[in-house]
Amino acid sequence: MFTRTLQFQFQLDSIDHRTILLAFRRTLLLFLFSSSILISSSVHGYTTRSYIFIYATCSQEKYQPNTPFEPNLNSLLSSIVTSSSDVSYNSFSIVNNNGTSSSTPLLEGSIYGLYQCRGDLDPIECSKCVQNSVNQIGLVCPYSLSASLQLEGCYIRYEHFDFLGKLDTSLRYKKCNKNVVSNDVEFLRRRDDVLGDLQARRNSDFRVSNSGLVEGYAQCLGDLSAENCNSCMAEAVMKLTRFCGSAVSGDVFLGQCYARYWKSGHYNDDEPDNGTETYHPPLALLFTS
């Protein structure tokens, strides 16, 4: 199965009625995400807005209404919301009646899922972020057999196959600030110190570091073993350095971990017009012809 990533970036060089419709739906979803940013908090000295939309992936394969997959998905999402009031990470599975994964998921309705909040969120903010994600994923990925959604403060994912605990270092999203400081030796040294520290902290899934005016944090999904977390983190740091070079801030999100750094004053430079360059894998269309 192929997953494609939703992006809010309208390409003007190939306009037709389908593209215009897609742009409208992107704009509507962006408005919904923006209007859902209700709270902010200060952690580790920087301001965070946990409801900011980062990316979503939606499978091209769809499930049919009134098949077993639909109530199982609803049950899974309900369990995710309930659990998020108590713990910042959890995973779930609903399998067919004989207790084994089904080879015909559309009929049997087997489903696997997880959620995770950023490690510094308090339980109330974590729960609100997850609730927001669950509310939005059906709008972003209607009837998708597999989907994931990453907000600033939390992540949810479901699949019709068992993906839990399996290492995935594929690139889901990257953002590099267009402001570069190639000749700032001190910044580059501090940046490398922060990224090296994030990679070296092997005893924690959520890792925070700072050096001078440079800060960063990173996190693995809770279903990874310590060894796989370290492998994923090394890959994220390598891609972040390679893709973003001497940019004053950068984010890399892989399938099961992410790493971010920024120079003071450049955290959450989240709009391309403000000097960021973003990457998403190819787009999954959200409309039907």
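The model shown is predicted, which means the values in this text are computed figures rather than measured ones.

Engineer: Account for the side chain of Asp120, naming residues and giving values.
Structural biologist: Assignment of secondary structure puts Asp120 in the loop between strand 6 (111-117) and helix 4 (123-140). With a relative accessible area of 16%, Asp120 lands in the buried category. Among the polar contacts listed, one links the side chain of Asp120 to the side chain of Arg118, at a separation of 2.7 Å.

Engineer: Give a detailed account of the side chain of Ser146, specifying residues and quantitative values.
Structural biologist: When you line up the elements, Ser146 lands in the loop between helix 4 and strand 7 (147-151). What makes Ser146 buried here is its relative accessible area of 1%.

Engineer: Before we move on, can you summarise the pairing of strand 10 (residues 206-211) with the specific residues and values?
Structural biologist: Among the 6 residues that make up strand 10, 5 are buried, leaving the element largely enclosed by the rest of the structure. As judged from the 6 bridges shared by strand 10 and strand 11 (residues 214-220), these two strands associate in the antiparallel manner. The partner of Ser209 across the bridge, within strand 11, is Gly216. Between the end of strand 10 and the start of strand 11, which pair antiparallel, lie 2 residues, with Gly212 showing a positive phi angle near 60°.

Engineer: Any chance you could break down the pattern of salt bridges for me, citing the residues and the numbers?
Structural biologist: Taken as a whole and judged by the stated rule, the model has 14 salt bridges. Among the ionic pairs, Asp168 bridges to Arg172, the shortest N-O distance being 2.9 Å. A relative accessible area of 8% means that Arg172 is categorised as buried. Notably, a salt bridge pairs Arg191 with Asp192, separated by 2.9 Å at the nearest N-O pair. Judged by its relative accessible area of 4%, Arg191 is buried. Assessed through its relative accessible area of 42%, Asp192 is described here as partly exposed. Within the structure, one salt-bridge network assembled from shared partners comprises Arg118, Asp120, Glu152, Lys175, Asp251 and Arg260.

Engineer: Please set out the state of the cysteines residue by residue, giving values where relevant.
Structural biologist: Taken as a whole, this structure holds 6 disulfides when the rule is applied. Through a disulfide, Cys117 is tied to Cys126; the S-S separation comes to 2.0 Å. Here the S-S torsion is close to 85°, and the disulfide linking Cys117 with Cys126 is therefore right-handed. Each of the two residues, Cys117 as well as Cys126, counts as buried.

Engineer: Give a detailed account of the pairing of strand 11, specifying residues and quantitative values.
Structural biologist: In terms of burial, strand 11 is largely enclosed, as 7 of its 7 residues are buried. Bridge analysis of strand 11 against strand 13 (residues 257-263) gives 7 bridges, and the strand direction is antiparallel. Its bridge partner being in strand 13, Cys220 is matched across the sheet by Cys257.

Engineer: Just give me the short version of the packing of helix 2 (residues 69-83) against helix 4, but keep the residues and values in it.
Structural biologist: Viewed as axis vectors pointing N to C, helix 2 and helix 4 meet at an angle of 165°, and their least axial separation amounts to 8 Å. Regarding the angle of helix 2 to helix 4, the classification is roughly antiparallel. The handedness of the crossing between helix 2 and helix 4 comes out as left-handed. For the pair formed by helix 2 and helix 4, the contact residues are Leu77, Ile80 and Val81 on the first element and Ser127, Val130, Gln131, Val134 and Ile137 on the second. Considering only residue class, the contact of helix 2 with helix 4 consists of 6 nonpolar, 2 polar and no charged.

Engineer: Go over the environment of Gly109 with me, naming the residues and quoting the values.
Structural biologist: Among the secondary structure elements, Gly109 is positioned in the loop between helix 3 (105-108) and strand 6. Residue classification places Gly109 among the buried residues on the basis of a relative accessible area of 0%. With 38 residues separating them in the primary sequence, Gly109 and Pro71 have C-alpha atoms 8.4 Å apart. Residues within four places of Gly109 in sequence aside, it is in contact with Pro68, Phe69, Asn72 and Ile94.

Cut-offs and rules
- Residues numbered from 1 in each chain as written.
- Predicted model: local features only at pLDDT ≥ 70, side-chain atom pairs only at ≥ 80, totals over all residues.
- Heavy atoms only, no water.
- Helix = DSSP H or I, 4+ residues; strand = E, 2+ residues; numbered from the N terminus.
- Buried < 20%, exposed > 50% of the residue type's maximum accessible area, 1.4 Å probe, protein only.
- Polar contact = N/O pair within 3.5 Å; in protein donor to acceptor, adjacent residues only side chain to side chain.
- Pairing = 2+ DSSP bridges.
- Salt bridge = Lys/Arg side-chain N within 4 Å of Asp/Glu carboxyl O.
- Disulfide = S-S within 2.5 Å.
- Axes fitted to C-alpha atoms, helices over the stretch in contact; angles between N-to-C directions.
- Parallel < 35°, antiparallel > 145°, perpendicular 65-115°, else oblique.
- Left-handed = near helix turned anticlockwise from the far one by under 90°.
- Contact = heavy atoms within 4.5 Å.
- Nonpolar A, V, L, I, M, F, W, Y, C, P; charged D, E, K, R; others polar.

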